[in-house]
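Descriptive structure summary
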Amino acid sequence: MKKFVVIAAATLGMSLSASLHAESGDPERGKELSTPCIACHQADGNSVNPAWPKTAGKDAGYLFKQLMDYKSGERSHPLMNPQVARLDEQDMRDLAAYFSMQETAPGRTSADEETLALGEQVYFGGNVSDGVAACVACHGPGGKGNPAAVFPKLAAQHGAYNLDQLNQFSSGQRHNDPGRMMRTIASRMSEEEMKAVSEYIATLDPK
Ligand code: HEC
Ligand code: HEC
């Protein structure tokens, strides 16, 4: 009886780890599939054009969700929707696993001190009078996000891309945020606050 339990546990353990692997994706296969992505996101996942996001080092669960959302049309963008058209769910898991293992390169900004100070204030304190929730609550003190809750890492992301996303949430063009979390926040922000916090995020240490 004891022996049976041990064997059953071992078999269960094996099948669990096999399904966990499938669940988390195969980065080797993801690398092979990433050739068409390099043109915009670069081989190391750190896009050069600040309007295109760095995908390197983001949590796999978040990346996978984005790819699925582009595929279903929950999130739409003329450059990204065609990219996922031929990908199936496993392809997207594998690509997400690969990008998540790449290292996020440090960010850059040309914003002045005053703008960055406002950005820091918004990031840590929100804007109480306008009901803007502090970013730190979900994206974490260093902008590292919260993988378990699928709150994305933001640290070192390009300021121009951040600002574009905040504008897209504010207008509703991007509407794949569960519970309208980001749409609610962004729609209450001033253009000045959006710009400032977008640049501040670019300065956060990605490590
Ligand atoms: C022609 C340029 C281009 C190519 C090629 C491209 N992307 Fe993108 N990608 C973008 C742009 C632009 C965005 C942001 C679009 C938006 O605002 O929703 C983006 C967004 C993403 C995001 C969401 C990032 C985030 O932080 O939310 C992921 C994930 C992604 N791309 C993965 C891929 C993968 C995987 C491929 C290859 C199969 C690929 N991209 C090919 C331009 C491109
Ligand atoms: C209640 C939690 C919460 C708070 C507070 C919050 N966010 Fe978010 N944010 C999210 C979630 C969840 C997403 C991803 C939605 C999705 O699944 O696509 C997100 C996405 C983003 C993105 C897009 C990331 C990408 O790679 O495309 C940016 C930029 C962003 N948030 C900035 C901010 C800023 C700036 C603040 C503060 C003013 C803030 N967030 C406050 C939950 C939050």
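A few points on the structure. (Residues numbered from 1 in each chain as written. Chains lettered and ligands numbered in written order. Predicted model: local features only at pLDDT ≥ 70, side-chain atom pairs only at ≥ 80, totals over all residues. Heavy atoms only, no water.)

Topic: the coordination of the iron atom of ligand 2
In plain terms, the rule: Distances decide who is a donor: an N, O or S atom must be within 2.8 Å of the metal, or within 3.2 Å for Na, K and Ca. Water is not included, so sites may look incomplete. Every angle between 85 and 135 degrees makes a four-donor site tetrahedral, while opposite donors more than 155 degrees apart, with all other angles between 65 and 115, make a four-donor site square planar and a six-donor site octahedral; other sites are irregular. Only DSSP runs of H or I with at least four residues qualify as helices, and only runs of E with at least two residues qualify as strands; both kinds are numbered from the N terminus onward. In this scheme, a residue with accessible area under 20% of its type's maximum is buried, one over 50% is exposed, and one in between is partly exposed, where area comes from a 1.4 Å probe on protein chains only.
Around the iron atom of ligand 2, the protein supplies His139 (NE2) and Met182 (SD) as donor atoms, at distances of 2.0 to 2.3 Å. For the iron atom of ligand 2, the 6 donor atoms in the first shell make angles of 84 to 179 degrees at the metal, a pattern classed as octahedral. Placement of the pair is histidine 139 in helix α8 (residues 136-139) and methionine 182 in helix α10 (residues 181-187), with a sequence separation of 43 residues. On the basis of relative accessibility, which here comes to 11%, the residue histidine 139 falls in the buried class.

Quick word on the site of ligand 2
Put simply, the rule reads: The near set for a molecule or strand comprises every residue that places at least one heavy atom within 4 Å of it. A 3.5 Å cut-off defines polar contacts: any pair of N or O atoms within that distance qualifies, except that in protein one atom must be a possible hydrogen donor and the other a possible acceptor, and neighbouring residues in sequence count only when both atoms are side-chain atoms. Each residue gets one of three labels, nonpolar for Ala, Val, Leu, Ile, Met, Phe, Trp, Tyr, Cys and Pro, charged for Asp, Glu, Lys and Arg, and polar for the others, Gly among them.
Around ligand 2 lies a shell of 26 residues, among which Cys135, Cys138, His139, Tyr161 and Met182 are the nearest. The separation between an oxygen atom of ligand 2 and a polar side-chain atom of lysine 65 is 2.8 Å. Histidine 139 places a polar side-chain atom, nitrogen or oxygen, 2.8 Å from a nitrogen atom of ligand 2. Top contributing element to the shell around ligand 2 by residue count: helix α9 (residues 159-171), with 4 residues. When the residues that make up the shell around ligand 2 are grouped by side-chain class, the tally is 18 nonpolar, 4 polar and 4 charged.

Describing the layout of surface pockets
Inclusion rule: Here a cavity denotes a set of grid points, spaced 1 Å apart and computed over the protein atoms alone, in which a 1.4 Å probe fits but from which it cannot get out, and a pocket denotes an open set meeting protein on both sides within 12 Å along at least five of seven lines; residues with an atom within 4 Å of a point are reported as lining. Grid points are joined across faces, edges and corners, and a volume is the space filled by probe spheres set on the points.
Volume-wise, the largest pocket comes out at about 660 Å³. What lines the largest pocket is a set of 33 residues, among which His41, Pro53, Thr55, Tyr70 and Met80 lie closest to the centre. The set of elements that each furnish at least two residues to the lining of the largest pocket consists of α3 (38-41), α4 (60-72), α5 (81-84), α6 (89-101) and α9. Ranked by residue count, the leading element in the lining of the largest pocket is α4, at 5 residues. Tallied by class, the residues present in the lining of the largest pocket amount to 19 nonpolar, 9 polar and 5 charged.

Observations concerning the site of ligand 1
Here is the rule: Any molecule with more than half of its atoms within 2 Å of a cavity's or pocket's grid points is regarded as sitting in that cavity or pocket.
Taken together, 23 residues lie around ligand 1, and Cys37, Cys40, His41, Tyr62 and Met80 are the ones closest in. Within the side chain of tyrosine 62, one N or O atom sits 2.6 Å away from an oxygen atom of ligand 1. A distance of 3.3 Å is found between an oxygen atom of ligand 1 and a side-chain nitrogen or oxygen belonging to tyrosine 161. One can see that ligand 1 is located within the largest pocket.

Note that every value here comes from positions in space, so none of it alone points to a role or purpose.
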